[in-house]
Amino acid sequence: MIHYLLMFLGMLAPLLFGVVGFVLAVDPTSRRPGVGILIDLKTGASSNASGEARILLISVRNATPGSGAVETLYEAVANADAVGALAGYGGLAHLAAKRLFEEYPTATLDVLFMAAASGNTAAGTITFDDTTPVSVDQTVTVRIGGYSFTETWSVGETDVDVATKIVSRITALSKFLPVTAANGGGTLAAVTLTFKSKGKAGLDLRYSAALSEGTGGNVSTAAARLTGGTTEPDVTTCLTKMLGREWRLIVPTLSNADLAATAADKNMGLLMAHMKTNGTGIGALLQTVHVACTDSTTNAKALSAALDFEYASHHLARGAWSLPCEWAGAIVGAYARDTKADPNHPFIQQPLALARLVGTLDIATDGLLASEEEDLLAHGVSYIGRTAQGVPRFERPITTYYEDADGNADDRVLDVSKTFGMMSVGADLRTFMQRVGKGKKLAKTLPTGSTPIPPNIITEDSAKSLILGRLRSKHVADGVIRGDKLEEVVTDGSLIVQVDGTDETQLDVFLPLRIVPPLVKTSIVLVQA
C-alpha cells in the first residue's frame, strides 16, 4: 500500500534534502498500511474538494431530557426535532440544531451529549403588580432570548391572573424557549423562569417584559439576564467517543463563560488538544471547530489568544439576544452548505438570512466601532455584522490563528476559506491516492531507455503525474488552488515525489499549494482628469 504525505506552502528547498530529509506525515518505521496526511497551513514566510461535510454537535441534554443518553454517539440525526427528541426540546442542543438546519436543511449531523454541569441552574423572575389595577387593557410583551410573544392583561384580571396566562404561554412555546415557567401553580404574581439545563449557559439568556397600549398595572424583571447558574459540563469523556471518527465541522454548545475560560483543561482547550493529537499520520482526522459568543470584545479575544489555532473559528455577536449556541449552529450550517459545492467559499459579508437569529436590540451600546472591528480581526475573532435591513451577516470569517510562535502578527491562515480549501484538497488526495495505489507496487523512477514498467507498478514519476493530473483537473479547475503557483512549484522543483529513504514501501510527497483567496476589499481612487 502506498503511504502518502501532503505538506503545504513554501518550505525552502535546501531543507528538503540531505541527512535529515523533509518532514513526514508517516513514520518510516511504522508497518501499518494506509495513507498518512499532515496539513501545515503555517509553512512559508510569516505575513499576512467538494463533498458533504459531516457535522458533530456536542451539547448537553435538558434537565428533563428526551430519549438520548450521555456519551452515546447518535449518527445522521434527521432534523432539529429529532435532536429535540433526544436532548429535550427548547434546550441548547435543540436550539443549535434548529438554527443549523434552518441554514442547511439537508445537513449530515451527528450528536454527542456531555454529562450535565453539576452546579446550579440559572433562573429569573417576571413580577406583575396590580396595586394600580388595569383600567384599559394592557399588552404584555415578553422576550426570552431570540423569541418574543404578547399576551393581554385585561381589565378585571389580577396580577396573579396575568402571571398564570404568561406561564401557560411559555409552556405552550416549550419547543422554542430554553426555559420552563411556574407561578406556584397559579397562586403567585411572580413568574419564575428556569433554564432547561444546569450550568453557566443559562447566564447568557436575556429576558424582558413590558406593558404597552393600556393603563394600570406594572411589570418588572429581576435582572436583564438569568442568574445563579454555576459550573460547566466537561467534554473529556466525550473525546474518547470521537476517536477514529472524522467530522469536518465540530460545534460545541458552550457558554460565554466557558469560552472566556482560557486554560488548557477547559472545554475548548481539550477539544483543540484532541484535534492536534489526531490530526496527522495514518488515520489523520481533518477537522475544524467553530463557536460563537455574545460576550464582550475582551472576553472574545481571550479565547482566540488561548487557541491561536488555524482549525478553529470564534464569532462574536455582541449583545445578541439569541443564545451563543444558536449563532454557532447557524454559522456551521452555512459553512457546511456553501463549502459542499465551493470548498474555499469566501463568506465575505454574506447574510445568515435563513436562520431565525436575533442580534442586539441596542445598536448604540452593542454595535462595534470600526476600530473595534479592526482589533477583533487582528486578534483572531470573527464578528457578526448586519445588513441595512438588520439581517445578521458574516463580515470576514477568520480563524483564531493570528500570531506566530514568537508573538508576531501572522496572516498566513487568516480566512477560514483557506483552511476549508486546503482541507478539501487534502481529503481528496487522500482518497485519490488510496484508490490509484490499491494493489500496486512501488518503484523508484527508472533511467530513460529501461525496460517498460509493468502496469501494476507505480514509480515516482508516474505518481507525480497522477497527483498533478488530479490537482489540475479538479482543484485548479474548481478555483480552489492557484494554477500559477502549482506550475511554479513544478518548474522550480519544490514539488517532490520520491520513495522514502528509510522505508522503500512508502511514497513521500511534498506539495506546496496556494489556495485562491477571497475578494475582501477594493481600492478605488478617483481623480479629476
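Structural data are supplied above this passage.
Residues numbered from 1 in each chain as written. Predicted model: local features only at pLDDT ≥ 70, side-chain atom pairs only at ≥ 80, totals over all residues. Heavy atoms only, no water.

Draft legend 1. Up close: the overall build of the chain. On a plain count of helices and strands, the chain comes out with 13 helices and 21 strands. With the C-alpha coordinates aligned to their principal axes, the bounding extent of the chain is approximately 105 × 70 × 40 Å. When the 529 residues of the chain are sorted by exposure, 52% land in the buried category. Accessible surface, the chain as shown: approximately 22,000 Å² in total, 54% of it carbon and sulfur. (Helix = DSSP H or I, 4+ residues; strand = E, 2+ residues; numbered from the N terminus. Buried < 20%, exposed > 50% of the residue type's maximum accessible area, 1.4 Å probe, protein only. Areas by Shrake-Rupley, 256 points an atom, 1.4 Å probe, with all protein chains shown as cover.)

Draft legend 2. Spotlight on the pairing of strand β5 (residues 123–129). What you see with β5 is a clean split: Gly124, Ile126 and Phe128 sit on the buried side and Ala123, Thr125, Thr127 and Asp129 on the side with no burial. Pairing between β5 and strand β9 (residues 190–195): five bridges, direction antiparallel. Note that in β9 the partner of Ile126 across the bridge is Val191. (Pairing = 2+ DSSP bridges.)

Draft legend 3. Focus on the environment of Leu270. Looking at where Leu270 falls in the secondary structure, it is placed in helix α6 (residues 267–277). Judged by relative accessible area, Leu270 falls into the buried class, the value being 18%. When the C-alpha atoms of Leu270 and Ile282 are compared, they prove to be 22 Å apart, with 12 residues separating the residues in sequence.

Draft legend 4. Representation of the sheet that holds strand β7 (residues 147–153) in the model. Taken in spatial order, the three strands line up as β7-β6-β10 in an open sheet, and their pairing is antiparallel. Sheet topology places β7 and β10 (207–212) at the edges, where each strand pairs with a single neighbour. This sheet shows a mean twist of 20° between the axes of neighbouring strands, independent of strand direction. When strand β6 (residues 138–144) meets β7, the two strands line up antiparallel, connected through seven bridges. For Gln138, the partnering residue across the bridge sits in β7 and is Trp153. On top of the sheet, helix α3 (residues 159–172) reaches β6 and β7; it is set at about 145° to β7, its chief contact. (Axes fitted to C-alpha atoms, helices over the stretch in contact; angles between N-to-C directions. Contact = heavy atoms within 4.5 Å.)

Draft legend 5. Representation of the packing of aromatic side chains. By the definition in use, this model includes eight aromatic pairs. On the basis of an interplanar angle of 90° and a centroid distance of 5.7 Å, the ring pair of Phe128 and Trp153 is categorised as edge-to-face. Of this pair, Phe128 sits in strand β5 while Trp153 sits in strand β7, placing them 25 residues apart in sequence. Comparing Phe128 with Trp153, the two get one shared label, buried. An angle of 70° between the planes, with centres 5.5 Å apart, marks the rings of Phe309 and Tyr311 as edge-to-face. (Phe/Tyr/Trp six-rings, centres within 6.5 Å; stacked < 30°, edge-to-face > 60°.)

Draft legend 6. Here's a closer look at helix α12 (residues 460–476). For α12, built from 17 residues, the straight-helix expectation of 24 Å at 1.5 Å per residue is met to within 8% by its first-to-last C-alpha distance of 22 Å. Its buried side turned inward, α12 meets α11 (416–437), β18 (441–443), β19 (457–459), α13 (483–492), β20 (496–499) and β21 (507–510). (Expected span 1.5 Å × (residues − 1).)

Draft legend 7. Representation of empty space enclosed by the protein. Taken as a whole, the largest cavity spans an internal volume of roughly 70 Å³. Lining the largest cavity are 13 residues, with Leu92, Ala201, Glu232, Pro233 and Thr253 positioned closest to its centre. Tallied by class, residues from the lining of the largest cavity come to five nonpolar, four polar and four charged. (1 Å grid on protein atoms, 1.4 Å probe; cavity = no way out; pocket = protein on both sides within 12 Å on 5 of 7 lines; lining within 4 Å. Points joined across faces, edges and corners; volume = space filled by probe spheres on them. Nonpolar A, V, L, I, M, F, W, Y, C, P; charged D, E, K, R; others polar.)

Draft legend 8. Seen up close, the packing of α12 against α13. Contact pair α12 / α13: the axes reach a minimum separation of 11 Å and the direction vectors enclose 170°. Taken together, the axes of α12 and α13 lie roughly antiparallel to each other. Read as a crossing pair, α12 and α13 show a hand that is left-handed. For the pair α12 and α13, contact is made by Leu468, Leu471, Arg472 and Val476 and by Gly483, Leu486, Glu487 and Val490, respectively. Broken down by class, the residue content of the contact of α12 with α13 amounts to five nonpolar, one polar and two charged. (Parallel < 35°, antiparallel > 145°, perpendicular 65-115°, else oblique. Left-handed = near helix turned anticlockwise from the far one by under 90°.)

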